[in-house]
Amino acid sequence: MSKAIINANRSKGVINRNIYGQFSEHLGRCIYNGVYVDEASGIPNENGMRADVIQALRALRIPVLRWPGGCFADTYHWQDGIGPRENRKKIVNTNWGGVTEDNFFGTHEFMELCRQLGCEPYLSGNVGSGTVQEFSDWVEYCNMGGQSPMAELRRANGREEPWHVKYWGIGNETWGCGGNMRPQFYADLCRQYATYIRSYDEAHQPYRIASGANADDYHWTKVLMEIAGGFVDAVSFHYYTVPGVWEHKGSALDFSREEYFTTLRKALRLEELVENHSRIIRHYQGDRKVGLIVDEWGTWFDVEPGTNPGFLYQQNTMRDALVAAVSLNIFNNHCDTVVMANIAQLVNVLQAMVLTEGDRMLLTPTYHVFEMYKNHQDARQLESYVETSLAGEAAESQVPNLHISASQGPDGTVLVTAANLDDAQGAELDCALAGLGRIERVTGRVLAGAAGAHNTFDAPETVRPVALEGIELTADGFKASLPPCCVAAFEVKPA
Ligand code: AHR
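Below or above, wherever it landed, is the structure these notes cover. Remember, predicted model here, so these are calculated numbers, not experimental data.

Analysis parameters
- Residues numbered from 1 in each chain as written.
- Predicted model: local features only at pLDDT ≥ 70, side-chain atom pairs only at ≥ 80, totals over all residues.
- Heavy atoms only, no water.
- Near = heavy atom within 4 Å.
- Polar contact = N/O pair within 3.5 Å; in protein donor to acceptor, adjacent residues only side chain to side chain.
- Nonpolar A, V, L, I, M, F, W, Y, C, P; charged D, E, K, R; others polar.
- Buried < 20%, exposed > 50% of the residue type's maximum accessible area, 1.4 Å probe, protein only.
- Helix = DSSP H or I, 4+ residues; strand = E, 2+ residues; numbered from the N terminus.
- Pairing = 2+ DSSP bridges.
- Disulfide = S-S within 2.5 Å.
- Salt bridge = Lys/Arg side-chain N within 4 Å of Asp/Glu carboxyl O.
- Axes fitted to C-alpha atoms, helices over the stretch in contact; angles between N-to-C directions.

### Focus: the site of the ligand
With respect to spatial proximity, 13 residues lie near the ligand, and among them Glu-25, Cys-71, Glu-173, Tyr-240 and Glu-296 are the closest. Separating an oxygen atom of the ligand from a backbone N or O atom of Cys-71 is a distance of 2.8 Å. Here Asn-172 contributes a side-chain N or O atom positioned 3.0 Å from an oxygen atom of the ligand. Looking at the shell around the ligand residue by residue, the classes come out as 7 nonpolar, 3 polar and 3 charged.

So this is what it looks like as structure tokens:
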């Protein structure tokens, strides 16, 4: 029996809904043939947005969507993607497969996508190969309500009202594909670009996000904070869970037990990264609060055999579901510093929510985790603790078997999300809830299966959440049996 304690009297604050953010890049089939299809394709769509994909994604209540990259962002010139389609420039997507980018999906289409999803846009601007003027024009194009050259251009393209875009990323991976810069150089550029991200409306202030470190490059965060910390609202970092080495990352479907545990152990590293980057930010932020954003995270495996290597298409199993579960638990539990996170990526790329093939679509195990966790958004985080034992055989890849987080929604309902990382042993959970009073009801859902279990276009419902039976109320909480390799979500209703 593993004891878990949730303390409703202790909280780090509200879980920013933006922790449940997503990322969509002009990469492979994420945008084109993922969310956006030719209106004449025969695939049901509204203004080009695929109806089945939008309907599925709406159920996740996505709060914020980052676009257009990734590496693509620092090659993107936004003016190529506005105005009549036939006049839009055709460019080469040099980062991702060298394919032709016809710019049919541009700023207006992205705003339409966000409207249909009901989420906020997060635009990642070009610092690597763009100019300050170009970036500042994009802000004016999106946000200027009165008269100005860019506002007139927007109107000429059919949009009267400004979109009031709040989130602006100042470049992407500027230490790598975004310009191979050194931190001092980028930090100075960041100050300059941040200055020209103007506010056009008192009620809608832009939120400036600095392009942050690669994983554990703490030197980057330190230099960035020292030089540019006073000019931005948040600093990001990127971390991908790669089971192998960069050249041989490992297969998404065909993996050993050892690789399974290595993957989870690497995913759990996020906690140390979040804590260390946060510590540096806190040290340098002075009187201002600078947030931490993990605007790219998730699993990265070798591409699906037979697919374009530049398209980063990979399948998604229960192993991915557990990576998502522990990552989101970590973000929830550090909600005092983590203000946003964006999993990579929305559709058909890396750890996607949805995969498509022609007119078919499937929901991945990762999708189901986001759906099961969605009520953590804007809820009050609750301190939680769980007794664990070690799962896995090799000492260097063992992981704690259980991992949890908890929050309390505005109606008092507590959501406890728990993952059992042990692929062989179930776990008996004895969960006490302090400071809640009498509990009226506890219901639970569970997503379970073998580590490699996944959905296919022919069997799309192999992995899906089902009701967790046999939950027992106790004097101070509840007891439940967790199957091996599972993610569970419990809703606790106080009397
Ligand atoms: O998500 C795929 C790529 O990973 C992004 O374009 C880049 O920012 C990162 O290296």
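### Concerning helix α10 (residues 365-373)
When you tally the buried positions in α10, you get 9 out of 9 residues, the bulk of the element. Looking only at α10, the buried set comprises Pro-365, Thr-366, Tyr-367, His-368, Val-369, Phe-370, Glu-371, Met-372 and Tyr-373.

### Some details on the pairing of strand β6 (residues 64-67)
Side chains Val-64 and Arg-66 of β6 all project onto a buried face; the interleaved residues Leu-65 and Trp-67 project onto the opposite face, where all are buried too. Summarising the sheet, strand β3 (residues 21-23) and β6 pair through 2 bridges and their orientation is parallel. Note on β6: the bridge partner recorded for Phe-23 is Arg-66. With 4 bridges connecting them, β6 and strand β9 (residues 120-125) associate as parallel partners. Each residue of the ladder has a partner; that of Arg-66, found in β9, is Tyr-122.

### A word on the state of the cysteines
For the structure shown, the criterion picks out 1 disulfide. What pairs with Cys-71 in a disulfide is Cys-177, and their sulfur atoms sit 2.2 Å apart. Taking the torsion about the sulfur-sulfur bond, which here is approximately -90°, the covalent link between Cys-71 and Cys-177 counts as left-handed. One end of the pair, Cys-71, is in the loop between β6 and β7 (91-92); the other, Cys-177, is in the loop between β10 (167-170) and α5 (183-196), and 106 residues separate them in sequence. Overall, Cys-177 belongs to the partly exposed group, its relative accessible area being 34%. Among the cysteines around Cys-119, which has no disulfide bond, Cys-114 carries the closest sulfur, lying 3.9 Å off. Here Cys-485 stays unpaired: no disulfide links it, and the sulfur of Cys-486, its closest cysteine neighbor, is 7.7 Å away. Exposure remark for Cys-485: the relative accessible area of 1% places this residue in the buried category.

### Regarding the pattern of salt bridges
Tallying each qualifying case throughout the model produces 25 salt bridges. For the salt bridge of Arg-10 with Glu-383, the shortest nitrogen-to-oxygen distance reads 2.8 Å. With Arg-10 in the loop between β1 (2-7) and β2 (13-14) and Glu-383 in strand β17 (residues 380-386), this pair connects stretches of sequence that are 373 residues apart. On the accessibility criterion, Arg-10 (48% relative accessible area) is partly exposed. We note a salt bridge from Glu-440 to Arg-441, for which the minimum N-O separation is 3.7 Å. Glu-440 gets classed as partly exposed once you look at its relative accessible area, which sits at 45%. Counted as one network, the salt bridges with shared partners bring together Glu-46, Glu-112 and Arg-115.

### Points about the sheet that holds strand β13 (residues 291-299)
Spatial ordering of the closed barrel is given by β3-β6-β9-β10-β11-β12-β13-β14, a layout of 8 strands whose pairing is parallel. Going across the sheet, the axis of each strand differs from the next one's by a mean of 30°, ignoring polarity. Pairing analysis gives 4 bridges linking strand β11 (residues 207-214) to strand β12 (residues 234-241), with the strands arranged parallel. Pairing of Ile-209 across the sheet is with Ala-234, part of β12.

These figures capture arrangement, not role.
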